[in-house]
Amino acid sequence: MHGIAGFSPGDDVIPAAYRWPVELSPKVDYEDYETSVPVVDMAELYPNEARRGLDDVAEVAKKRIMAEMLKAAETWGVFQIVNHGVAAELMERLQAQAHKFFSLPMELKNEISVNKVSTASVLLGYGFKVRGGSLTQSTWSEGLYLSAGDVSFLKDSANKLYSKDCDKEAFVSTVLEYEAAVNQCSLQVLHLLAEGLGIDPAHFDRYLNKDVTIQRWNYYPPCPEPDRTLGLLEHTDAGLLAAVHLGDVGGLQVQRDGKWFAVRPEKNGFAIIVGDMLEMMTRGRFHSVPHRAVVNKSKPRLSIGSFLFLNQTMEVVSPTDLPVPAAEEEPDTRPEYRPFTFAELLAHKLSTQPLRTFEFFKVQHKSLVPTS
């Protein structure tokens, strides 16, 4: 049962609460794949028996993959990865769990509503929608936040949602297995990006809270007026990066140079999306990409996002030792930011500024080159 209030399948008009101002309504169709977002094939990082032990070949492949990721993070702020090591069968099982959840009656889904189960530090539960400042319109979607690092929360949710023990066990075990695999993949991508910058591959790990991992399930029902609403408001992600399984239906759109581009889903792939914290921590080298979700008239869509969660109380400082790209001239005028915590950034994003929230903490550019 869908979570669109005041709407019944077969209606030709969407409720007023979901009707967005014309200037915010999408102008690019969900399948208008005019330009391709970069796709990085990671297969050569997992050598078959014929190539096993060929260190020179593996190193060349690693450098090529690293260079492709680096360029995409700098120019787009998003890229897709395929042959990433996460089993297709596991991805399908997780999708099946998500479809099963969203088909539940509303009264069951509301048993784990965001207002009931969220904690002071972690957003959890069903029903949360990102909104922009004073805008009050709803998005044409329903969503669920899960913490795979909190097994008791998962078990409690399963007990509220399902009556059969086999359904409860499948829900918990699949979420945990999927998140472990995707987190490993996301960390590998993060390490490759760091190494590509010329810094320690584990440079960003110190900021991660490895006991907390977050999944976001989004379901977008068919919509009779897809050009008058949005599935998800334009925003940037708060953290380092997200790995989003897009399913097989288009809907994700990213902004580049003020223009929106539809992202063609790669089969069994992940869209890697650079977040606010990673742009800040690379002092603008990587790009926190504005993105949104649009809907369509006939095809339901499911997406599953996994987010590397940061330590909320650890103070983040603007790095001064990040290598300057060879193409740039001195003096170094890359942006700097006042020290802040991830909790501060997240609170500001959720309350007033969903787009490129890190800019709120920016200080005036200044040269890092000593003057005599």
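Look up a bit, the structure's there.
One structure accompanies this document, and this report is about it. Only a predicted model underlies this, so the values are computations on that prediction, with no experimental measurement involved. (Residues numbered from 1 in each chain as written. Predicted model: local features only at pLDDT ≥ 70, side-chain atom pairs only at ≥ 80, totals over all residues. Heavy atoms only, no water.)

1. Observations regarding the overall build of the protein
Then, number 1: Per the secondary structure count, the protein includes 8 helices and 16 strands.
Then, number 2: Out of the 372 residues belonging to the protein, those deemed buried represent 52%.
Then, number 3: Taking the contacts inside the protein whose residues are at least 6 apart along the sequence as the reference set, 79% of them involve residues at least 24 apart. (Helix = DSSP H or I, 4+ residues; strand = E, 2+ residues; numbered from the N terminus. Buried < 20%, exposed > 50% of the residue type's maximum accessible area, 1.4 Å probe, protein only. Contact = heavy atoms within 4.5 Å.)

2. Regarding the packing of helix 2 (residues 88-102) against helix 6 (residues 165-196)
Then, number 1: Between helix 2 and helix 6, whose axes approach to 9 Å, the crossing angle comes to 130 degrees. Considered as vectors, helix 2 and helix 6 are oriented oblique to each other. You can see that helix 2 and helix 6 cross each other, and the crossing is left-handed. Between helix 2 and helix 6, the contacting residues are Leu-90, Met-91, Arg-93, Leu-94, Gln-97 and Lys-100 on the first element and Asp-167, Ala-170, Phe-171, Thr-174, Val-175, Glu-177, Tyr-178 and Ala-181 on the second.
Then, number 2: A breakdown of the residues in the contact of helix 2 with helix 6 according to their chemical character gives 8 nonpolar, 2 polar and 4 charged. (Axes fitted to C-alpha atoms, helices over the stretch in contact; angles between N-to-C directions. Parallel < 35°, antiparallel > 145°, perpendicular 65-115°, else oblique. Left-handed = near helix turned anticlockwise from the far one by under 90°. Nonpolar A, V, L, I, M, F, W, Y, C, P; charged D, E, K, R; others polar.)

3. Digging into the pattern of salt bridges
Then, number 1: In the structure shown here, the tally under the stated rule is 16 salt bridges.
Then, number 2: Across the pair Glu-225 and Arg-19 runs a salt bridge whose closest N-O atoms are separated by 2.7 Å. Placement of the pair is Glu-225 in the loop between strand 5 (208-220) and strand 6 (232-235) and Arg-19 in the segment before strand 1 (39-41), with a sequence separation of 206 residues.
Then, number 3: Arg-19 gets classed as partly exposed once you look at its relative accessible area, which sits at 24%.
Then, number 4: Lys-100 is the partner of Asp-167 in a salt bridge, and the nearest nitrogen-oxygen pair spans 2.7 Å. (Salt bridge = Lys/Arg side-chain N within 4 Å of Asp/Glu carboxyl O.)

4. Remarks on the environment of Val-182
Then, number 1: With respect to the element layout, Val-182 can be found in helix 6.
Then, number 2: Spatially, the C-alpha atoms of Val-182 and Leu-308 are 9.7 Å apart, while their sequence positions differ by 126 residues.
Then, number 3: When sequence neighbours within four positions are dropped, the list of residues in contact with Val-182 reads Val-86, Ala-243, Phe-270 and Ser-306.

5. Quick look at the sheet that holds strand 11 (residues 291-293)
Then, number 1: The 4 strands are arranged 6-11-8-9 in an open sheet whose pairing can be described as antiparallel. Looking at which strands have only one partner, the edges of the open sheet turn out to be strand 6 and strand 9 (259-262). Averaged over all pairs of adjacent strands, the angle between their axes in this sheet comes to 20 degrees, without regard to strand direction.
Then, number 2: Here 3 bridges tie strand 8 (residues 252-256) to strand 11, and the two strands are oriented antiparallel to one another. Within strand 11, the position partnered with Gln-253 by the bridge is Arg-292. (Pairing = 2+ DSSP bridges.)

6. Considerations on the nonpolar core
Then, number 1: Of all hydrophobic cores here, the largest spans 91 residues; its most connected members are Met-69, Ile-81, Phe-101 and Trp-217.
Then, number 2: Counting residues in hydrophobic clusters, the runner-up holds 10 residues, among them Ile-4, Trp-140, Leu-232 and Val-295. (Core = buried A, V, L, I, M, F, W, Y, C linked by side-chain atoms within 4.5 Å.)

7. A closer look at the pairing of strand 12 (residues 301-310)
Then, number 1: Among the 10 residues of strand 12, 10 are classified as buried, and the element is accordingly described as predominantly covered.
Then, number 2: By the alternation rule, side chains of strand 12 split into Arg-301, Ser-303, Gly-305, Phe-307 and Phe-309 and Leu-302, Ile-304, Ser-306, Leu-308 and Leu-310, which are all buried.
Then, number 3: The pairing of strand 5 with strand 12 spans 9 bridges and is antiparallel. In the strand pairing of strand 12, Asn-218 is matched with Ser-303.
Then, number 4: When strand 7 (residues 241-245) meets strand 12, the two strands line up antiparallel, connected through 4 bridges. Bridge pairing in strand 12 places His-245 opposite Ile-304.

8. Brief notes about the sheet that holds strand 5
Then, number 1: Taken in spatial order, the 8 strands line up as 1-2-10-7-12-5-4-3 in an open sheet, and their pairing is mixed. Looking at the sheet topology across the chains shown, the edges are occupied by strand 1 and strand 3 (125-126).
Then, number 2: In the sheet, strand 3 pairs with strand 4 (residues 142-147) via 2 bridges, with the strands oriented antiparallel. From the neighbouring strand, Tyr-126 faces strand 4, where its bridge partner is Leu-144.
Then, number 3: Relative to the sheet, helix 2 contacts strand 3, strand 4, strand 5, strand 7, strand 10 (270-274) and strand 12, its axis offset from that of strand 5 by approximately 60 degrees.

9. What about unusual backbone geometry?
Then, number 1: Positive phi, normally seen in glycine, also occurs at Asn-268, with a value near 55 degrees.
Then, number 2: By the element assignment, Asn-268 lies in the loop between strand 9 and strand 10.
Then, number 3: Within the chain, Arg-283 stands out as a residue other than glycine whose phi angle is a positive 50 degrees.
Then, number 4: Along the polypeptide, Arg-283 turns up in the loop between helix 7 (276-281) and strand 11.

10. Digging into helix 5 (residues 151-161)
Along an α-helix, residues three or four positions apart point the same way, because every turn accommodates 3.6 residues.
Then, number 1: Residues of helix 5 that are buried: Phe-153, Leu-154, Ser-157, Ala-158 and Leu-161. Along the long axis of helix 5, the arc covered by the buried residues comes to 135 degrees, so they all point the same way.
Then, number 2: Tucked into the core, helix 5 has its buried residues touching helix 2, helix 3 (106-109), helix 4 (114-117), strand 3, strand 4 and helix 6. (Arc of directions from axis to C-beta.)

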